[in-house]
Amino acid sequence: MRVQIRRTWPLSRVYSFGVSVGDFYDELAQDYHVVYDDWYAAIERQGAALDRLIRNRLANAHDVLDCSCGIGTQSLGLASLGYRVEGTDISERSLERARTEAVRRALEISFARCDFRDLGPVEGTFDVVISCDNAIPHLLTEDDVARVFRAMRTKLRPGGLLIITVRDYDKALVERPVTTTPQINSGPPRQVLVRLHDWDAPDSPIYTIHLLVLTEGPTGWNVSHYSTRYRAIGREALKLAAEHAGFTRVRWNEGNDVGFHQPVMTALREVNKPRNDP
Ligand SMILES: C[S@@+](CC[C@H](N)C(=O)[O-])C[C@H]1O[C@@H](n2cnc3c(N)ncnc32)[C@H](O)[C@@H]1O
């Protein structure tokens, strides 16, 4: 068996933080489905879980902004259930793939590049704003987390619903896992995803993730390496950030209880604007 290194990041790029989050996801876009054993099933499963949450809290919701849509896992699932979805993301190549996947399913979804810390360029307001699958922990400072909640609030109609999903960081901050079970995608081609987490220090919330994607080819296995940084953020910190930005009825749901693979936070934009609000 021959192992080929298809692409590697020079260490200096990884550790000098020279690889932006956008670059990381641009590189990963074609392989992103490998984070699931069956991405197509995940689209349906996550769409159905989000739909139940939305219906429970906001029965007549129709317009959804997915402000970290990536290749479209949740946007595609919700659009196929009849929601009008707009997807934004910082990674142009992820957006390109999301557009292709939407066309393949004959779904009309508008996808545009936008940093979720400033959603001003997105026109209009929505019944629901979502940011799913650990996008917010890419923000490495409290200020940026505060910004993203303020930005998401500006895109919600009064009474609108916010949905955030992230890794279970309350657990990870205690256990400090250095890896997770490899993900096997039966293909074809067969692919294996290995994750390594390098914590900056035993008490630091910041870590570098290395994703190694092994893809079976005609002459052997190719290895692709992608790397980026995260800041682990617990439920209480996210709840406080949401409340500080003006959200009310902030609730955490266990993933198992709502059929999602991660804990899910929901919150409402208050109906009346608080005083002193710009
Ligand atoms: C783990 S992926 C999840 C993507 C998508 N929600 C899904 O599950 O397929 C996280 C996404 O957050 C996006 N992201 C990270 N930082 C962002 C920012 N500042 N503005 C907009 N999107 C961002 C990334 O480009 C990436 O697509």
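From a predicted model like this one, the values you see are computed outputs, not experimental measurements. (Residues numbered from 1 in each chain as written. Predicted model: local features only at pLDDT ≥ 70, side-chain atom pairs only at ≥ 80, totals over all residues.)

For the rest of this paragraph, the subject is the environment of R150. Looking at the element boundaries, R150 is found in helix 6 (residues 142-154). Along the sequence, R150 and D118 sit 32 residues apart, while their C-alpha atoms lie 8.7 Å from each other. (Helix = DSSP H or I, 4+ residues; strand = E, 2+ residues; numbered from the N terminus.)

Next up on the list: the packing of helix 6 against helix 8 (residues 235-244). One can describe the packing of helix 6 onto helix 8 by two numbers: an axis separation of 9 Å at closest approach and a directional angle of 50°. Overall, the two elements helix 6 and helix 8 adopt an arrangement that is oblique. Judged by the twist between their axes, the crossing of helix 6 over helix 8 is right-handed. For the pair helix 6 and helix 8, contact is made by V145, A146 and F149 and by A241, A242 and H244, respectively. For the contact of helix 6 with helix 8, the per-class residue count stands at 5 nonpolar, 1 polar and no charged. (Axes fitted to C-alpha atoms, helices over the stretch in contact; angles between N-to-C directions. Parallel < 35°, antiparallel > 145°, perpendicular 65-115°, else oblique. Left-handed = near helix turned anticlockwise from the far one by under 90°. Contact = placed C-beta atoms within 7 Å. Nonpolar A, V, L, I, M, F, W, Y, C, P; charged D, E, K, R; others polar.)

Turning our eyes to something else, we now look at the domain arrangement of the chain. Many structure descriptions define interface size as the accessible area lost when the parts assemble. Splitting the chain by domain gives domain 1 (3-32 + 171-231) and domain 2 (38-166 + 233-269). Once you take the C-alpha centre of each, domain 1 and domain 2 turn out to be 24 Å apart. Elements supplying a minimum of two residues to the side of domain 1 that touches domain 2: helix 2 (21-28) and strand 10 (220-231). The dominant element in the side of domain 1 that touches domain 2, judged by the number of residues it contributes, is helix 2, at 4 residues. (Domains from an automatic or database assignment.)

A few words on the sheet that holds strand 3 (residues 84-89). In spatial order, the strands read 4-3-2-5-6-12-11; together these 7 strands make up an open sheet with mixed pairing. What marks the edges here is a single partner per strand, and that holds for strand 4 (110-113) and strand 11 (247-253). Between one strand and the next, the sheet's axes are offset by a mean angle of 20°, whatever the strand orientation. Bridge count for strand 3 against strand 4 is 4 bridges, and the pairing is parallel. (Pairing = 2+ DSSP bridges.)

Moving on, we come to the site of the ligand. For the ligand, the set of nearby residues contains 20 residues, the closest of which are S68, G70, T73, D133 and A135. Of all elements in the fold, only helix 2 and helix 4 (73-80) reach the threshold of two or more residues within the shell around the ligand. Of the residues belonging to the shell around the ligand, the class tally is 8 nonpolar, 8 polar and 4 charged. (Near = placed C-beta within 6 Å.)

Let us look at the pairing of strand 12 (residues 264-269). With 5 of 6 residues buried, strand 12 lies mostly within the body of the structure. Relative to strand 12, strand 6 (residues 156-165) runs antiparallel, the two being bridged by 5 bridges. Looking across to strand 12, one finds that I164 is bridged to M265. (Buried ≥ 20, exposed ≤ 12 C-beta atoms within 10 Å, placed from the backbone.)

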